[in-house]
Amino acid sequence: MKIAMASDHAGFSLKEEIKAYLQSQGHEVLDFGAHSEDACDLPDTVYPAALAVGEGKADRGIFVDGVGYGSAMIANKIYGVFAAVCQDPFCANLARSHSDTNVLCIGGKIIGSAIAMEIVKTWMTTEYLGHTEEKYRRRVGKVQEIAEKHLKKLS
């Protein structure tokens, strides 16, 4: 799988750890930065990474900032991106199985490395239940209808 990754300075260290794990599992990582712990602006890295997911240049995205919400706010402005902030494996499971998210956002100041890795492992290996259960397909479809009404399709 091709994974777009992005962070700000607060998420840099955890992003690098997650990146190494993903590569060890055979995934291709597109790293949009940050490339150090020097202060930077989150939109400069998350926006192009989210575009890569929305345009189909990446299958999924994992974005790490201080709390996770900044990344999710930016990512969810992009047509075709469905981002969720997850702070534990249970939420990561539901974000994939019930909501078919394609971007995971993590707060590097909120959770430690060990729990972050469990979240990533869970999110990466959980299948969307909408393929077999109509209620999840219906609910995700309603969210997609909202996106169709209000977000600009990428060309």
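Up top you'll find the structure we're talking about.
Note that the structure is predicted; figures quoted are calculated from it, not measured. (Residues numbered from 1 in each chain as written. Predicted model: local features only at pLDDT ≥ 70, side-chain atom pairs only at ≥ 80, totals over all residues. Heavy atoms only, no water.)

**Side note on the packing of aromatic side chains**
Argument step 1. Going through the model one piece at a time under the given rule, you end up with 0 aromatic pairs.
Argument step 2. When the ring centre of Trp 123 is taken as origin, the NZ or CZ atom of Arg 60, which lies over that ring, is 4.9 Å away. (Phe/Tyr/Trp six-rings, centres within 6.5 Å; stacked < 30°, edge-to-face > 60°. Lys NZ or Arg CZ within 6 Å of the ring centre and 35° of its normal.)

**Some points on the packing of helix H1 (residues 12-24) against helix H5 (residues 113-125)**
Argument step 1. One can describe the packing of H1 onto H5 by two numbers: an axis separation of 11 Å at closest approach and a directional angle of 45°. Relative to H5, the element H1 is oriented oblique. The chirality of how H1 crosses H5 is right-handed. Contacts between H1 and H5 involve Leu 14, Glu 17, Ile 18, Tyr 21 and Leu 22 from the former and Ser 113, Ala 116, Met 117, Val 120, Lys 121 and Met 124 from the latter. (Axes fitted to C-alpha atoms, helices over the stretch in contact; angles between N-to-C directions. Helix = DSSP H or I, 4+ residues; strand = E, 2+ residues; numbered from the N terminus. Parallel < 35°, antiparallel > 145°, perpendicular 65-115°, else oblique. Left-handed = near helix turned anticlockwise from the far one by under 90°. Contact = heavy atoms within 4.5 Å.)

**Quick notes on the pairing of strand S3 (residues 60-65)**
Argument step 1. A large share of S3 lies buried, amounting to 6 of its 6 residues.
Argument step 2. Neither face of S3 is exposed, since Arg 60, Ile 62 and Val 64 on one face and Gly 61, Phe 63 and Asp 65 on the opposite face are all buried.
Argument step 3. In the sheet, strand S1 (residues 2-7) pairs with S3 via 5 bridges, with the strands oriented parallel. Residue pairing in the sheet places Ala 4 in a bridge with Gly 61 of S3.
Argument step 4. Across 5 bridges, the pairing between S3 and strand S5 (residues 103-107) is parallel. Within S5, the position partnered with Phe 63 by the bridge is Cys 105. (Buried < 20%, exposed > 50% of the residue type's maximum accessible area, 1.4 Å probe, protein only. Pairing = 2+ DSSP bridges.)

**Notes on the pattern of salt bridges**
Argument step 1. What the rule picks out here adds up to 8 salt bridges.
Argument step 2. Glu 16 is the salt-bridge partner of Lys 15, the closest N and O atoms lying 2.8 Å from each other.
Argument step 3. Residue classification places Lys 15 among the buried positions, given a relative accessible area of 0%.
Argument step 4. It is possible to trace a salt-bridge network through shared partners that takes in Lys 15, Glu 16, Lys 19 and Asp 31. (Salt bridge = Lys/Arg side-chain N within 4 Å of Asp/Glu carboxyl O.)

**What about the pairing of S1?**
Argument step 1. Counted residue by residue, S1 has 5 buried out of 6 residues, so it is predominantly covered.
Argument step 2. Pairing of S1 with strand S2 (residues 28-31) involves 4 bridges; the strand directions are parallel. Counterpart to Ile 3 in the pairing with S2 is Val 29.

**Brief notes about the environment of Ser 155**
Argument step 1. Residue position: Ser 155 is located in the segment after helix H6 (134-150).
Argument step 2. With a relative accessible area of 97%, Ser 155 lands in the exposed category.
Argument step 3. Placed 100 residues apart in sequence, Ser 155 and Glu 55 show a C-alpha to C-alpha distance of 8.0 Å.

**Examining the sheet that holds S1**
Argument step 1. What the 5 strands build is an open sheet, ordered S2-S1-S3-S5-S4; its pairing is parallel. Edge positions in the open sheet fall to S2 and strand S4 (83-85), since each of these has one partner strand only. Strand-to-strand twist of the sheet, defined as the mean angle between neighbouring strand axes without regard to direction, takes the value 20°.
Argument step 2. Contacts from helix H2 (residues 43-54) reach S1, S3 and S5 within the one sheet, and its direction differs from that of S1 by about 165°.

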